[in-house]
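So you can see what is in the structure, the chains are spelled out below.
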Amino acid sequence: MKHNIEAFLNQVKQRNSHEPEFLQAVEEVAETVIPYILEHDIYRGKNILTRMVEPERLISFRVSWVDDQGKIQVNRGYRVQMNSAIGPYKGGLRFHPTVNASILKFLAFEQVFKNSLTTLPMGGGKGGSDFDPKGKSDNEIMRFCHAFMSELFRHIGPNTDVPAGDIGVGGREIGFLFGMYKKIKNEFTGVLTGKGMSWGGSLIRPEATGYGTVYFAEKMLNTKGDDFKDKNVVVSGSGNVAQYAVEKSLQLGAKVLTMSDSSGYIYDADGIDSDKLAFVMELKNVKRGRIHEYVVKYPNAEFVEGKTPWGVSCEIALPCATQNELNEADANTLLNNGCICVSEGANMPSTKEAITAFHRAKILFAPGKASNAGGVATSGLEMTQNSLRFNWTREEVDNKLKEIMCNIHDSCIKYGKEEDGYIDYVKGANIAGFVKVADAMLAQGVV
Ligand SMILES: NC(=O)C1=CN([C@@H]2O[C@H](COP(=O)(O)OP(=O)(O)OC[C@H]3O[C@@H](n4cnc5c(N)ncnc54)[C@H](O)[C@@H]3O)[C@@H](O)[C@H]2O)C=CC1
Ligand SMILES: O=C(O)CCC(=O)C(=O)O
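Model, not experiment: these values are computed from the prediction. (Residues numbered from 1 in each chain as written. Chains lettered and ligands numbered in written order. Predicted model: local features only at pLDDT ≥ 70, side-chain atom pairs only at ≥ 80, totals over all residues. Heavy atoms only, no water.)

Chemist: In this structure, what is going on with the site of ligand 2? I would like to understand it.
Modeler: Contacts to ligand 2 come from 14 residues, most closely from Lys 90, Lys 114, Lys 126, Arg 205 and Ser 379. In the model, an oxygen atom of ligand 2 is placed 3.0 Å from a nitrogen or oxygen of the Gln 111 side chain. In the environment of ligand 2, an oxygen atom lies 2.7 Å from a nitrogen or oxygen atom belonging to the side chain of Lys 114. Among the secondary structure elements, those contributing two or more residues to the shell around ligand 2 are β3 (89–95), α4 (101–117), β5 (161–165) and α14 (374–388). (Near = heavy atom within 4 Å. Polar contact = N/O pair within 3.5 Å; in protein donor to acceptor, adjacent residues only side chain to side chain. Helix = DSSP H or I, 4+ residues; strand = E, 2+ residues; numbered from the N terminus.)

In structure tokens form, the structure reads like this:
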């Protein structure tokens, strides 16, 4: 078994030697899925995982645009179309200076399993650009988005590939991208999700990833007869996912102690209540400021520069910023401080060593592909509403989201419950996600 996993990983390493994030994501899946493949005749000898780690298509393109000083800027745009066995490619766009093929391939690979877990008919993809939105004017953002879509449009479509937001791409950017797609194609279709409410968006999509992460954590706590009430929660990030993870934690009666951005974290021992959260939302979504401005408004709180928040004592940790933001030392600190539950809002925020530490301590740990799937699931619901030319109410969408998160939790138990009763949510999510895609690939033959 060990030999099979090593042989497979060596082959993937040879082909993708300069892509550490992609290799990390593949390794985590291979370690749990290869043993399952070897135990099941229908998957054995079909090279299914070898096919799944090779993107069906990887598009890279030039994005030229003019900044406010009249200078011509050039960025690199990408779309990784990873797997379309169970539906059109689906997954977000990331605008961040660190974006490269490795990061987008890891995200697209994770997306395949995540989308499968939602039970909705969506394949996996991801895209973006090394464009840095920080400090750019609205006009520059618009010109960049228009330039980006002036190439991307030929590779996507409502039945082909449906992008959405991710880091650096929110409602404003989706609007500019949609505007250019509609102009070039002369059609109004559900080609993107995360759209505004008056032009085809779904209620609850902005909230969905953060809410879903908390719904999933609550389900995990319920397996121990526990819940969010009166728990101390540490959150990283202060963007879309973090904001709504905080909102839902508050609604469930928890106390939220931290939020962060790439400059450091704020620690508010009195708790970040809904008024303080509204301040963060205005700061981040409208003023586009930095998190340290929180302590100017709330001087009882403290700003810790250049650090992540994992040293703050808590029972529940919700990493909602970015990949590899929580390492082994952080995991040990959380465990020593009494953390009992980690639910990933971000994609792959915990390193491999951190996950091993959580598993060894047998705490509740949910990998992002399960716990943050509420975002893409609600995107799937947005696609359905677009096809029906109909809108569900806030309550209807929220109930469907809750039900989907509950089903994902059940799938993780089905495939991840160990003999001693411990639930390995990583194993459960990987195998449950794999089975549906693999079955579709087998049915469709070698294509
Ligand atoms: N938006 C969505 O629906 C979904 C997002 N995700 C994941 O959630 C995470 C956050 O995404 P969003 O909230 O949408 O993005 P966002 O752009 O709204 O916020 C990103 C947050 O991460 C922080 N951040 C970025 N780089 C950082 C770094 N190097 N160190 C510390 N903090 C950093 C930013 O300051 C910001 O608070 C990402 O991993 C994303 O892939 C996962 C599922 C769906
Ligand atoms: O809503 C979507 O299509 C994409 C969400 C996403 O990028 C993710 O799940 O990581």
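Once the structure has been displayed, the description carries forward.
Chemist: I would appreciate a short explanation of the confidence of the model for the chain in the present structure.
Modeler: Predicted coordinates in regions of low pLDDT should not be interpreted in detail. Scored by pLDDT, the chain has a mean of 98; 100% of the residues are at 70 or more. Predicted complex, confidence summary: ipTM 0.98, pTM 0.98. (pLDDT = per-residue confidence, 0-100.)

Chemist: Which parts of the structure should I look at to understand the UniProt feature "site: Important for catalysis" (unreviewed entry) in the chain?
Modeler: The UniProt feature table records "site: Important for catalysis" (unreviewed entry) at Asp 166. Tracing the backbone shows Asp 166 in the loop between β5 and α6 (171–185). Engagement of the side chain of Asp 166 in a polar contact is seen with the side chain of Lys 126, the distance being 3.0 Å. (UniProt positions renumbered as here; feature names shortened; annotations may be inferred.)

Chemist: Teacher, can you tell me more about the state of the cysteines here?
Modeler: In protein structure, a disulfide is the covalent linkage between the sulfur atoms of two cysteines. Tallied over the entire structure, the rule returns 0 disulfides. As a non-bridged cysteine, Cys 341 has Cys 339 as the owner of its nearest cysteine sulfur, 7.0 Å distant. (Disulfide = S-S within 2.5 Å.)

Chemist: I'm lost on the nonpolar core in this one. Help?
Modeler: Generally speaking, nonpolar side chains in soluble globular proteins are found buried as a group. In this structure, Phe 216, Met 259 and Ile 408 are the most contacted members of the largest nonpolar core, which totals 56 residues. Sorting elements by how many residues they give to this core places helix α7 (residues 205–222) first, with 8 residues. Counting 41 residues, the second largest nonpolar core, distinct from the first, contains Ile 37, Met 52, Ile 103 and Ile 431. (Core = buried A, V, L, I, M, F, W, Y, C linked by side-chain atoms within 4.5 Å. Buried < 20%, exposed > 50% of the residue type's maximum accessible area, 1.4 Å probe, protein only.)

Chemist: Where do I start with helix α9 (residues 274–286) in this structure?
Modeler: In this model, α9 (13 residues) spans 17 Å end to end at C-alpha, consistent with the 18 Å of a helix rising 1.5 Å per residue. Turning to α9, its buried residues are Lys 276, Leu 277, Phe 279, Val 280, Met 281, Leu 283 and Lys 284. Where the residues of α9 are buried, they touch α8 (240–251), β7 (255–261) and α10 (293–297). Where α9 begins, one side-chain oxygen reaches toward the backbone nitrogen of Asp 275, 3.2 Å away; that side chain belongs to Asp 273. Positioned one or two residues after α9, Arg 288 has a phi angle of 55°, which is positive. (Expected span 1.5 Å × (residues − 1). Contact = heavy atoms within 4.5 Å.)

Chemist: Help me understand the site of ligand 1, please; the structure alone is not making it clear to me.
Modeler: Ligand 1 sits among 23 residues. The nearest are Asp 166, Thr 209, Ser 238, Asn 240 and Asn 347. Within the backbone of Val 241, one N or O atom sits 3.0 Å away from an oxygen atom of ligand 1. Out of a free accessible area of 800 Å², ligand 1 has 82% covered by protein chains. For the shell around ligand 1, the class distribution of residues is 5 nonpolar, 13 polar and 5 charged. (Areas by Shrake-Rupley, 256 points an atom, 1.4 Å probe, with all protein chains shown as cover. Nonpolar A, V, L, I, M, F, W, Y, C, P; charged D, E, K, R; others polar.)

Chemist: Please explain the sheet that holds β7 as it appears in this structure.
Modeler: Strand pairs in the sheet, formed through backbone hydrogen bonds, run parallel or antiparallel to each other. Reading across from one edge, β9-β8-β7-β6-β10-β11-β12 is the order of the 7 strands in this open sheet, with mixed pairing throughout. Looking at which strands have only one partner, the edges of the open sheet turn out to be β9 (302–305) and β12 (364–366). For this sheet, the mean inter-axis angle between neighbouring strands, taken without regard to orientation, is 15°. Looking at chain direction, β7 and strand β8 (residues 264–267) are connected through 4 bridges and run antiparallel. By the bridge assignment, Ser 260 is partnered in β8 with Tyr 265. In this fold α8 packs onto β6 (232–236), β7 and β10 (316–319), with an angle of close to 175° to the strand it touches most, β7. (Pairing = 2+ DSSP bridges. Axes fitted to C-alpha atoms, helices over the stretch in contact; angles between N-to-C directions.)

Chemist: Where do I start with the environment of Ala 245 in this structure?
Modeler: Mapped onto the elements of the fold, Ala 245 is located in helix α8. Expressed as a C-alpha distance, the spacing of Ala 245 and Leu 318, which sit 73 residues apart in the sequence, is 7.8 Å. When near neighbours in sequence (up to four residues on either side) are disregarded, Ala 245 contacts Gly 210, Val 214, Leu 318 and Cys 320.

Chemist: Got a minute to help me understand the packing of helix α2 (residues 20–39) against α4 in this structure?
Modeler: Think of two packed helices as two axes; the pair is described by the angle between the axes and how far apart they sit. Following both chains from N to C, one finds α2 and α4 inclined at 25°, their axes separated by 6 Å at the closest point. The orientation of α2 relative to α4 falls into the category roughly parallel. Counted together, Pro 20, Glu 21, Phe 22, Ala 25, Val 26 and Val 29 of α2 and Ser 102, Ile 103, Lys 105, Phe 106, Phe 109, Glu 110 and Phe 113 of α4 form the full contact between these two elements. (Parallel < 35°, antiparallel > 145°, perpendicular 65-115°, else oblique.)

Chemist: Looking at this structure, I do not really get the packing of aromatic side chains. What am I missing?
Modeler: A ring pair, where both rings are aromatic, is described by two values, the distance of the centres and the angle of the planes. For the structure on display, the rule yields 22 aromatic pairs. Ring geometry for Tyr 36 against Tyr 415: centres 6.1 Å apart, planes inclined by 80°, an arrangement best described as edge-to-face. Of this pair, Tyr 36 sits in helix α2 while Tyr 415 sits in helix α15 (residues 394–416); the two residues are 379 residues apart in sequence, bridging distant segments of the chain. Tyr 36 sits in the buried class, given a relative accessible area of 13%. Relative to Tyr 215, the ring of Tyr 211 lies with its centre 6.2 Å away and its plane at 65°, an arrangement referred to as edge-to-face. Taken together, the residues Tyr 211 and Tyr 215, both in helix α7 and 4 residues apart, mark about one turn of the helix. Relative accessible area serves as the criterion here: at 2%, Tyr 211 is assigned to the buried category. Chaining the aromatic ring pairs together yields one cluster made of Phe 61, Trp 65, Phe 95, Phe 131, Phe 144 and Phe 148. We note Lys 105 situated over the ring of Phe 22; from NZ or CZ to the ring centre the distance is 4.6 Å. Stacked on the ring of Trp 392, the Lys or Arg Lys 400 has its end atom at 4.4 Å from the ring centre. (Phe/Tyr/Trp six-rings, centres within 6.5 Å; stacked < 30°, edge-to-face > 60°. Lys NZ or Arg CZ within 6 Å of the ring centre and 35° of its normal.)

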